[in-house]
Amino acid sequence: MLDIRLYMLQRITALIMAPLTLGHIAVMIYAVQGGLTTAEILSRTQGSVVWLVYYGTFVAAVSIHAAIGLRVIIAETFKLRGMALSGFTWGVCGLFLYMGARAVMAVTMP
Amino acid sequence: MIKPHRTHALWFAYILHRLSGLGLAVFLPVHFYVLSLALTKPAELDSFLHWAEMPAVKLAEFGLVFLLAVHIFGGLRLMALEWLPWSPNQKTLAASAVAGAFLLSTTFFLQAI
Amino acid sequence: MPEIDRHDTDILILGAGGAGMFAALHAQQTAPEGTKITIAVKGLLGKCGCTRMVQGGYNVALGGGDTVERHFMDTINGGKWLPNQDMAWKLCEQAVVRVRELENEIGCFFDRNADGSLHQKAFAGQTADRTVHKGDLTGIEIINRLMEQVLSRPIERLQEHRAVGLIPTKDGSALAGVLFIDMRSGKFRFVRAKTVLMGTGGGPSMYKYHTPSGDKTMDGLAMALRAGLPLRDMEMVQFHPTGLLAGTHTKMTGTVLEEGLRGAGGQLLNGAENRFMFDYDSRGERATRDVVSRGIYAEMRKNNTSENGGVFISMAHLGPDFVREKFSGMVKRCADSGFDLAGGLVEVVPTAHYFMGGVIVDADTRTAMEGLYVAGEDAGGAHGSNRLGGNGVANSTVYGGVAGDIMGADIRKMGALRDPDENVLAAEIERAQRPLHQKPGNVQALRHELQEAMWDDVGVMRTEAGMERGIKRLAEIKSELLETGVASDNLAFNLTWHDWLNMASLCEMSEVIAKAGIARENSRGAHFREDFPESGSMESSYFTVACQKGDSVDVTREAVQFSIVKPGETILLADEPETLVEE
Amino acid sequence: MSFTQNIMDVSIWRGDAQAGAFAHFEVPAQKSQTILDVVAWIQQHQDPTLSYRYACRVGMCGSCAMMVNGVPRWTCRTHVEKVLEGNKLEVAPLRNLPVIKDLVTDMDSFFDKWIAAEGRHHPTASRLDPIAAISPESAGRVKANAGIECINCSVCYAACDTVASNPDYLGPAALQRAWTVYNDAKDADKQAVLDAVSGVGGCHNCHTQGSCTAHCPNDLDPMTAIAGLKRVSAASFFKRRKARA
Ligand SMILES: Cc1cc2nc3c(=O)[nH]c(=O)nc-3n(C[C@H](O)[C@H](O)[C@H](O)COP(=O)(O)OP(=O)(O)OC[C@H]3O[C@@H](n4cnc5c(N)ncnc54)[C@H](O)[C@@H]3O)c2cc1C
Ligand code: HEM
Ligand code: SF4
Ligand code: F3S
Ligand code: FES
């Protein structure tokens, strides 16, 4: 169910996310010093390629990471296997990608 | 649920990691949804951010941050256990340090907003 | 006759100890392609039998002054000139090859010296540091590695299959196959084979105190006796001096506390907590197994005993921490059954350990019956009257391999599978089913009676009168057994039925042990006659041969052939020292 | 034995592969009594049809493991006093293995996985060659020795929830053996070991629950052995990618 490829993907995405999450929190702490409003956030991020890449990476990583994580839980708990399991994994991955992408677009597109 | 063969620290660490992962997987799409409101309905996002000032929501936010801290701690500890030739204690300490720092800073952060 | 399953193979192996597993592997290497090999065993493959329980180690002369000749001379001297010398020679010679095979092909890893070479130590009765080991869990390493090799090859497994009868052909000239009970279902299964190796490992568990695993109840020898094969040295039961004693209600009782405890300076104390071994031998606790066993037994007869009727072993004077470190496994084991070996007293008693007697075979494991081969503890001859510590596992692995090679070669000359004598088959089934038609009784109580009888009358020290009394008691127990039934509503994994069958084998063999004991009118090695305490002249050494004749067992004597070396002589060179072991 | 003998309340699981339930027995408590002794006493004195398995009776063969008050244990070396709860004992067949009857399980899947994990020696030499000189202090040997005293009792296998929920998972004992083989300087096919433990049921399914290590009666540490496999397989994953690129 979890062969070395999926295992490595889950670990690598975790390693990518770890600094990104920490960074995100750091920025937020810096940001809130002036009080937080939509405009504030958006002014900082909108139109910035750097933030696009930053959050884009996070979304890609978390989609993969969570999809694999949930895949394992579903397989172990409900004995799901084969096509159904692959379908579920891709579904979760897709959902995270879609919702994540919309969020990233919202905050970074000018 | 907690059968006798499970009553030891490592198993609790495992279940904590799993539950926090699960919790995050539920929360994150919600978080994404709220942010994406910026695209479609900026007004609602604004009202949400006001709403976020409320203690109950703060508590919820704190809960989720806590989940993330727990999960990061668990994840780093796991990867250290798997890959680093340190002693188990060193690994746990290192992961606790990161998670602790994370939790502390976000608590301040949540306090600030 | 109940419905029985019939099954065919080419090479059938009974038992999965050192003998059985090596036979399977070697047969696979030497038999022609496409030969079907089946291994049938009373327990789980790799998890039953005594090879797994080997603690001390494996005797093999690997140089450094030690030679095959020296190993051979120690074996002959240890066996008090009774061994079949050709078998003893092959044992010593092939052990060298086998231990390399174990390390290089099977994957065992034995303890090393700091320079990377094999660590070897000396057991009592050896004149060189010869015993290769893996801590004091040597057998686990050997059997686990063998098991992996067998499991990863196309060898058919019949697990929890108990052999109950050797079935000959109609004319009785050869073996046709073996009758089993599939213990999991309780059904009978007859397996035809061109060659059969019997490696069921003896096991003198008819004594009140015994070391072998629960699955060993002399089934193989009982089957061989019924099939008319001659058995030799049947009086030779080796007792280990220090079996754990914790009451008759626990299976822990009888299990071995290792030899090294005495070697390191452990003291034996009687009920009054006084040392007594020096009353019997100038070497005290460090005397050989048979001497110490008799010393303890004598003390027990004087009623100088501990609470449970044995004596104490005391280690505390060596310093509890030292004991805890040096004998951690033993300390832990004693602690699990409630004893403090490091700091307190632990009750011990002599315990039946190994069976030197067995089926008469040649040095190629062939028997008097075509198609039947015997190796390991089931085969008699290699050890004579006493087995040296470390020669048991060497014997089973060496001869198991030999049997595999020989069967692989012999099978080329054999044509079709042989058909069994259906009458014998039916009779064997009838015999095994006997208790199922009778009113259920208490088999365990009979087992206790048997064990008491053998312990009292055919045990560590023997007399003619005692053994005669023993034979009478045995006859009563046996006839009671034959009237005792077992509930037959569910035969699947019916342990009580198997207890009954175990008892049947043990009763048959106990009688043979007693009769052979009476036939030997001197004291050699493990066999000690209070009415004949002398060893008799070595030149006129004889061994006993027991054979079923009609309804009774006949014991005769046969002269030992000194085919390699005569008593009083040696094959060591004149300038070689008596011993290489530093005291 | 004391005069006022204590009677224990013992529940034993009876049944077969299809169905079963606990049956109750009253067993007299004795000094130096193991769980195996309790089970044998019931078979010998109260219910001759009770099935269980044992061989060596001293913790060497690993045939006798059962669930005792919910915990997997070797019953021949488990002293009653150590596990008695109040006056109660509950004995059930080992978890995670199919039941044959009563307390007897079918251990074939456990051993099949042992072999599937390449838990066996791959020779570099033959019986004609001398025995390799290997320092007991060499790094590989120290690692290999750590798991060598495994008696394949399946206690760890029964303790692991991943085994319970993922039938493909090779399990702690088989993987520990694979790690030992991998570290054996005499072994010829380390790659076969890595391939075997990197597949669908391989070491990467382990969630480091640690129940294997917590319950091993021989104080072995399969969890750390599995981590070792994860580490070397991860390293070789990158190496192989690079080699291919
Ligand atoms: C506690 C202990 C410690 C020992 N220590 C040492 C030592 O340090 N050094 C040494 O050299 N020797 C030692 N020995 C002796 C050694 O173990 C034996 O000599 C040797 O292992 C016997 O090997 P085997 O293959 O003949 O029999 P075993 O290994 O006993 O195997 C017999 C096999 O036959 C099976 N079997 C039995 N009956 C049947 C049946 N009816 N049908 C089918 N299968 C059956 C059994 O289940 C088992 O698998 C020790 C013995 C014991 C008991
Ligand atoms: C940011 C740093 C993160 C790290 C270091 C991390 C690390 C890990 C690791 C190592 C695992 C494997 C656990 C195992 O095999 O038992 C894992 C599992 C998991 N992670 Fe994360 N993770 C992180 C973030 C997240 C996020 C943001 C989510 C949510 C979307 C998430 C969801 C999950 C889930 C659902 C699992 C499966 C749990 C299980 O199998 O028991 N993780 N994580
Ligand atoms: S690792 Fe421990 S618990 Fe697991 S099989 Fe081996 S000895 Fe038993
Ligand atoms: S209990 Fe199972 S999950 Fe891993 S650490 Fe042990 S194998
Ligand atoms: S009976 Fe052998 S380990 Fe318990």
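The model shown is predicted, which means the values in this text are computed figures rather than measured ones. (Residues numbered from 1 in each chain as written. Chains lettered and ligands numbered in written order. Predicted model: local features only at pLDDT ≥ 70, side-chain atom pairs only at ≥ 80, totals over all residues. Heavy atoms only, no water.)

J.: Lay out the domain arrangement of chain D in plain terms, naming residues and giving numbers.
T.: Residue and element names in this part refer to chain D. When its domains are assigned, chain D resolves into domain 1 (7-105) and domain 2 (108-244). A straight line from the C-alpha centre of domain 1 to that of domain 2 covers 30 Å. Each side of the interface is counted separately: domain 1 has 15 residues, and domain 2 has 17 residues. Carbon and sulfur atoms make up 61% of the surface buried where domain 1 meets domain 2, a total of about 1,100 Å² over both sides. Counting every contact that joins domain 1 to domain 2 gives 1 salt bridge. Here R95 makes a salt bridge to D161, at a shortest N to O gap of 2.8 Å. Remark: the boundary between domain 1 and domain 2 carries 5 residue pairs in polar contact (both at pLDDT 80 or more). For the side of domain 1 that touches domain 2, the secondary-structure elements that each account for two or more residues are β3 (65-68) and β4 (71-74). Sort the elements by how many residues they give to the side of domain 1 that touches domain 2 and β4 lands first, with 4 residues. Class assignment for the residues of the side of domain 1 that touches domain 2 results in 10 nonpolar, 3 polar and 2 charged. (Domains from an automatic or database assignment. Contact = heavy atoms within 4.5 Å. Buried area = accessible area lost by both parts, 1.4 Å probe. Salt bridge = Lys/Arg side-chain N within 4 Å of Asp/Glu carboxyl O. Polar contact = N/O pair within 3.5 Å; in protein donor to acceptor, adjacent residues only side chain to side chain. Helix = DSSP H or I, 4+ residues; strand = E, 2+ residues; numbered from the N terminus. Nonpolar A, V, L, I, M, F, W, Y, C, P; charged D, E, K, R; others polar.)

J.: Describe the pattern of salt bridges, naming the residues involved and giving the relevant values.
T.: Within the structure shown, the criterion is met by 67 salt bridges over all chains. Across the pair D:K186 and C:E103 runs a salt bridge whose closest N-O atoms are separated by 2.5 Å. With D:K186 in the loop between α7 (172-183) and α8 (190-197) and C:E103 in helix α3 (residues 85-106), this pair bridges two chains. Considered together, D:K186 and C:E103 belong to a single accessibility category, that of buried residues. Between C:E259 and C:R289 there is a salt bridge, and its shortest N-O distance comes to 2.7 Å. Remark: C:R289 occurs in helix α7 (residues 289-301) and C:E259 occurs in the loop between β13 (237-244) and α6 (260-263); sequence separation between them is 30 residues. For C:R289, a relative accessible area of 13% gives the class buried. (Buried < 20%, exposed > 50% of the residue type's maximum accessible area, 1.4 Å probe, protein only.)

J.: Tell me about the coordination of the iron atom of ligand 2, and please be specific about residues and values.
T.: Looking at the iron atom of ligand 2, one finds its protein donor set to be A:H65 (NE2) and B:H71 (NE2), positioned 1.9 to 2.0 Å from the metal centre. One can describe the site at the iron atom of ligand 2 as octahedral: its 6 donor atoms subtend angles covering 88 to 179° at the metal. Of the two residues, A:H65 sits in helix α3 (residues 49-78) while B:H71 sits in helix α3 (residues 55-83), which places them in two different chains. Comparing A:H65 with B:H71, the two get one shared label, buried. (Donors = N, O, S within 2.8 Å, 3.2 Å for Na, K, Ca; no water. Tetrahedral: all angles 85-135°; square planar, octahedral: opposite > 155°, others 65-115°.)

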